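# Report on the structure
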Amino acid sequence: MKFISVSDFPPSKIYILLDKNYRKFLIEKSMIKLNCKNYFELSLKINEMLKSKFNGGDINYWLQGERLDKRTGKIHPKFMPLTLVLKLIKLNKEKIESLNKNTISYRSGGRGLVVSKLVLPIKVTPELDSIVIHLFGDGSAGEFTPSYTQKNKEGVDNFIKKLENCFGFFEKSVYFTQGKYQVKFPKAITDILSYYYQIKSYKSYESEIPVIILKRKDNLYKIACIAAFLVDEAQVRDVVLFYSANKILIRGIKRLVKDCNYKSSEVKFNKKAREYYFCLSNKNIEKFYKDLKNLSTRFNTCNLSFKDKDVEFIIKRRKIINPKDSKVTNEIITKLLEKEGTLTAQNISKLSNYAHCTVIHHLKDLYDKKTVKREKITNGSYLWSNN
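Summarised in this report is the structure supplied together with it. (Residues numbered from 1 in each chain as written. Predicted model: local features only at pLDDT ≥ 70, side-chain atom pairs only at ≥ 80, totals over all residues. Heavy atoms only, no water.)

So, on to the sheet that holds strand 10 (residues 144–150). Read from one edge of the open sheet, four strands run 9-10-13-12, paired in antiparallel fashion. Of all strands in the sheet, those with a lone pairing partner are strand 9 (139–142) and strand 12 (173–177), marking the two edges. Going across the sheet, the axis of each strand differs from the next one's by a mean of 20°, ignoring polarity. Taken together, the five bridges between strand 12 and strand 13 (residues 180–184) define a ladder with antiparallel strand orientation. Bridge assignment links Tyr 175 to a residue of strand 13, and that residue is Gln 182. (Pairing = 2+ DSSP bridges. Helix = DSSP H or I, 4+ residues; strand = E, 2+ residues; numbered from the N terminus. Axes fitted to C-alpha atoms, helices over the stretch in contact; angles between N-to-C directions.)

Here it is, written out as structure tokens:
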């Protein structure tokens, strides 16, 4: 297993809060090393080395670890630029490994949301890889506070747990707006991910599976990534259909599927939806599901979240042999509608154990015969009931 230490963070973007004794040790030893009489002289030396614009007051605040905002009367923690800390460690010939145990918290820049109660070094696990895929799916990141959005709260909660497992506790904001759940989290996290995985963009039409993920030898990492994309960017009905407007991204997912020895259809283009898609072979769904369950015993957030039961249903339905008599099928559907009142085609599919496409075909037949009626609902599907 590989690790990401504080020294591996993007130095120009990350600011850290060091243990009080350690930051005092670094600054005071640097003053002796550079023959400085006061903080002002030290700031001049630092500025010369880093081409920065710090002053003696900054050094004093770093020593104190906090700063009083006279305008508001609030005390704020004072984080040191990682570039400076790395320079002081090198200057004093200290062991870089000591940085992990002496870092209390970190953030992006001087004002970003804070990550604390740290997991250091960060373990490069299937869980971490899957976070990257989520950000390409229902995430949003760049030079702003990143976020992750889902209609299903379970999906957002699982994503937050992944972040906590990999990075530690972090400041966040959770919203429910326009029928969706959203979490905003520290930009430091995406800065670290971008730096380690060499991610150029998270934008819908520009994102690509990082080479480091594509070249993983352990398929458990790839299975975690497939599952993450399935949660965010797949339709699960009679088959598992992966889709994206980004051709390069969907081909990357297709490659992960192939590397794990799961069969799938070729990538095709849906002109109406203007999306690329491919389907996982139903013959391989059970194998994928078992592999994922095995992975989940070690990393419990690597799962299908709210889509788990939908995939289970496909596996279950494949083992059931339904009668092929259309009269029998129509009767089963009308009896379900009589009992339940109104149902979607997907509800009927799950209750009857018939394929979704079969249910749709028979509902159309019953509708043409005026045996059932339908009412369009917000997501473009219909509520069906007996006439």
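Once that is clear, we can look at the sheet that holds strand 14 (residues 234–236). In sheet architecture, strand pairing relies on hydrogen bonds along the backbone and comes in two forms, parallel and antiparallel. Overall, antiparallel pairing links the four strands, which are arranged 14-15-17-16 in an open sheet. The sheet is open, and its two borders are formed by strand 14 and strand 16 (268–270), each paired with just one other strand. The sheet shows a mean angle of 35° between the axes of neighbouring strands, direction not considered. Here strand 15 (residues 240–244) runs beside strand 17 (residues 275–280); their pairing, made up of five bridges, is antiparallel. The residue bridging Phe 242 from the neighbouring strand is Phe 278, located in strand 17.

Once that is clear, we can look at the pattern of salt bridges. This model, assessed by the stated rule, comprises 14 salt bridges. The salt bridge involving Arg 255 is made with Asp 259; its shortest N-O contact spans 4.0 Å. Residue Arg 255 and its partner Asp 259 are both found in helix 11 (residues 247–259); the two are separated by four residues, about one turn of the helix. Looking at Arg 255, the relative accessible area reads 39%, which means it is partly exposed. Three or more residues are tied together by salt bridges with common partners; here these are Lys 13, Glu 143, Lys 187 and Asp 191. (Salt bridge = Lys/Arg side-chain N within 4 Å of Asp/Glu carboxyl O. Buried < 20%, exposed > 50% of the residue type's maximum accessible area, 1.4 Å probe, protein only.)

Function-wise, these values are silent; they only describe arrangement.
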